[in-house]
Amino acid sequence: MRRHFWRKATALLLSAVMTAGVFAGCGGSGGASGKGLKIMYSTTTLDDFRNLLLEGVKSAASSEGVTLDVMEECSTPDAQVAQIKQAASGGYDAVICLANDPTTALQLEAVAGDLPIVFVNSLPASEHLEADKYMYVGSQERDAGTYQAEYVYKKLGNPKELNALIFEGQPGHSGTIGRTEAVKDFFKDNGVNANFVFCDYANWSDTEAAERFEIFLKTNQSFDAVFCNNDTMATGIVKAMESHGFSTADIPVCGVDATAAGCQSIVDGGMQFTVYQSAKGQGEMSIKTAIALATKGTAKDVEGLSDDGTIVWVPFEPVDASNVKDYM
């Protein structure tokens, strides 16, 4: 039942966006388990989903009685290292970190001292995670790509071969890697000769995706489906396809996140499919995990904990025209 609460609550949490250069304290009442704790939230540059995630973290902190300091967006890894170093000397009980670059996790851990870090949404390499100290909260990225591929496979009548485009997010991001690999693996595992005639990074951006699509058109190749690592890129592709006379009813475009714009695109007959990623859920579980580490020294009782104790999973959910209104 809670996942439906997360969906409905998300729409109510869009209004507050932090002011650049200023960090806001989000103290809460409510006598919850985090009362008296001080947690830093360090984030990279915000976008649609990351804003939702921020609001999810802030809402959960308030409900749990946590004092949350949301720091200025980090546009570089060095800026984030400086913030985590500040947390180590600033009386914080834990850090929640949306990494600017997940490959810098070891640096962030080195400057954190004894503070536990809960990474969120961008998964560091497994060797940089440690149960009850350096943990990750997010969704299983491969599931999103698998859901996309399953939808297209059925939509196109279980084809033996197809030509597809993939528009990837940020290089090195766990979502980019996991979602893309899962799409390719699904078709391979199901005996489909899938030709990925164009695959390029568009950095989560609708404008960059549209620009890459224009480049693809110059190759004069046909295509049967479009896979995008997020909804923002997918909506950009839909507009670009429509401007060139391509039918999104015949050529399915898939995204990830089930953002308001993505869901509306499905309703309007643009995108055909997305995958709900619960920003509210990831925010809530990040706070719960941080509280557990700060108060108990262990996350062993946190819901969704992986077998090795390093990751707290928040499930993805498939979304198409049949259920999209449940996510709006």
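Here the residue numbers are simple positions, counted from 1 along each chain's written sequence. Restriction of local features to residues with pLDDT of at least 70 applies here, the model being predicted, together with a cutoff of 80 or more for giving and counting side-chain atom pairs; totals for whole chains, interfaces and linings are based on all residues. In computing side-chain values, all of the structure's heavy atoms are included and hydrogens and water are not.

Take the nonpolar core next. Take the buried residues of types Ala, Val, Leu, Ile, Met, Phe, Trp, Tyr and Cys, join any two whose side-chain atoms come within 4.5 Å, and each joined set is a nonpolar core. Think of it in three bands: residues with accessible area under 20% of the maximum for their type are buried, residues over 50% are exposed, and the middle band is partly exposed, with areas taken using a 1.4 Å probe on protein chains only. Grouped together as the largest cluster of nonpolar side chains are 32 residues, with contacts concentrated most on Ile39, Tyr41, Leu53, Val57, Leu68, Ile96 and Ile287. A helix here means a DSSP run of H or I that spans at least four residues, while a strand means a run of E at least two residues long, and both kinds are numbered starting from the N terminus. The set of elements that each furnish at least two residues to this core consists of β2 (38-42), α2 (48-64), β3 (67-70), β4 (94-97), β5 (117-120), β6 (134-138) and α10 (279-295). The next biggest cluster of nonpolar side chains, apart from the first, holds 29 residues, and it includes Val197, Ala202, Leu217 and Ile251.

We now examine the pairing of β3. Two strands make a pair as long as DSSP finds a minimum of two bridges between them. Sheet analysis places β2 next to β3, joined by four bridges and oriented parallel. Bridging from a neighbouring strand, Ile39 pairs with Leu68 of β3. With the strands aimed away from the viewer, a crossover counts as right-handed if its path from the first strand over the helix to the second runs clockwise. For the segment spanning β2, α2 and β3, crossover handedness is right-handed.

Turning our eyes to something else, we now look at the packing of aromatic side chains. The pairing test for Phe, Tyr and Trp rings, Trp by its six-membered ring, is centres within 6.5 Å, and the orientation test on the planes gives stacked under 30 degrees, edge-to-face over 60, and tilted for anything in between. Following the criterion strictly, the structure yields 12 aromatic pairs and no others. Here Phe187 and Phe227 contribute two aromatic rings whose centre-to-centre distance is 6.0 Å and whose plane-to-plane angle is 65°, an arrangement assigned as edge-to-face. In this pair, Phe187 sits in helix α6 (residues 174-189) while Phe227 sits in strand β9 (residues 225-228), placing the two residues 40 residues apart along the sequence. Both residues of the pair, Phe187 and Phe227, belong to the buried class. Grouping aromatic residues by their ring pairs yields a cluster made of Phe167, Phe198, Phe213, Phe216, Phe223 and Phe246. Lysine and arginine charges are scored as sitting over a ring when NZ or CZ, respectively, is within 6 Å of the ring centre and within 35 degrees of the ring normal. A cation over an aromatic ring shows up here: Lys38 above the ring of Tyr92, its NZ or CZ 4.4 Å from the ring centre. The aromatic ring of Phe196 is capped on one face by Lys184, whose charged end is 5.8 Å from the ring centroid.

Here we take up the state of the cysteines. Any cysteine sulfur atom paired with another within 2.5 Å is treated as part of a disulfide. For the coordinates displayed, the defined rule picks out zero disulfides. Note on Cys199: no disulfide assigned, nearest cysteine sulfur contributed by Cys228 at a separation of 11 Å. Cys228 carries a free sulfur, and the closest cysteine sulfur to it, the one in Cys254, is 8.2 Å from it. Judged by its relative accessible area of 0%, Cys228 falls in the buried class.

With that out of the way, let us pick up the pattern of salt bridges. The salt bridge criterion pairs a side-chain nitrogen of Lys or Arg with a carboxyl oxygen of Asp or Glu, the two atoms within 4 Å. Tallied over the entire structure, the rule returns 10 salt bridges. With a closest N to O distance of 3.8 Å, Asp47 and Arg50 form a salt bridge. Among the ionic pairs, Glu141 bridges to Arg179, the shortest N-O distance being 2.8 Å. A residue pair is termed long-range when its members are at least 10 positions apart, and Glu141 in helix α5 (residues 141-155) and Arg179 in helix α6 qualify at 38 residues. Taking the relative accessible area as the measure of exposure, Glu141 reaches 5% and is therefore buried. Within the structure, one salt-bridge network assembled from shared partners comprises Asp200, Glu208, Glu211 and Arg212.

Turning to the domain arrangement of the chain, a few remarks are in order. Reported domain spans reflect what an automatic or database domain assignment gives. Examined at the domain level, the chain breaks down into domain 1 (31-139 + 278-315) and domain 2 (141-277). Taking only C-alpha atoms into account, the centre of domain 1 sits 30 Å from that of domain 2. Contacts between domain 1 and domain 2 engage 15 residues on the former and 10 residues on the latter. Buried area: the accessible area, evaluated with a 1.4 Å probe, that two parts lose upon being put together, summed over both parts. Here domain 1 and domain 2 share an interface that buries about 1000 Å² over both sides, 41% of which is from carbon and sulfur atoms. Of all residues in domain 1, Phe49, Ser139 and Ser278 bury the most surface against domain 2, accounting for 36% of the area lost on that side. By the criterion applied in these results, polar contacts are pairs of N or O atoms within 3.5 Å in which, for protein atoms, one can donate a hydrogen and the other can accept it, and in which residues neighboring in sequence qualify only through two side-chain atoms. At the junction of domain 1 and domain 2, the tally comes to eight residue pairs in polar contact (both at pLDDT 80 or more). Every element with two or more residues in the side of domain 1 that touches domain 2 is listed here: α2 and α10. Any two residues having at least one pair of non-hydrogen atoms within 4.5 Å are treated as being in contact.

Right, let's get into the side chain of Ser278. Mapped onto the secondary structure, Ser278 falls in the loop between β11 (273-276) and α10. Judged by relative accessible area, Ser278 falls into the buried class, the value being 1%. A distance of 3.4 Å separates polar atoms of two side chains, one belonging to Ser278 and the other to Tyr276.

To continue, consider the packing of α2 against α10. Axis angle and axis distance: for two packed helices, these are the angle between their axes and the distance between the axes, and together they describe the pair. It is the contact of α2 with α10, at a shortest axis distance of 7 Å, that shows an interaxial angle of 45°. Accordingly, the angle class assigned to the pair α2 and α10 is oblique. Crossing geometry of α2 relative to α10 is assigned as right-handed. Seen from α2, the contacting residues are Phe49, Leu52, Leu53, Gly56, Val57, Ser59, Ala60, Ala61 and Glu64; seen from α10, they are Ala279, Lys280, Gln282, Gly283, Glu284, Ile287, Lys288 and Ile291. All axes are obtained by fitting lines to C-alpha atoms, using only the stretch in contact for helices, and the reported angles, taken between N-to-C directions, cover 0 to 180 degrees. What sets the label is the angle itself: under 35 degrees gives roughly parallel, over 145 gives roughly antiparallel, 65 to 115 gives roughly perpendicular, and the rest give oblique. By definition, any crossing whose near helix is turned counterclockwise from its far helix by less than a right angle is left-handed, and any crossing with a clockwise turn is right-handed.

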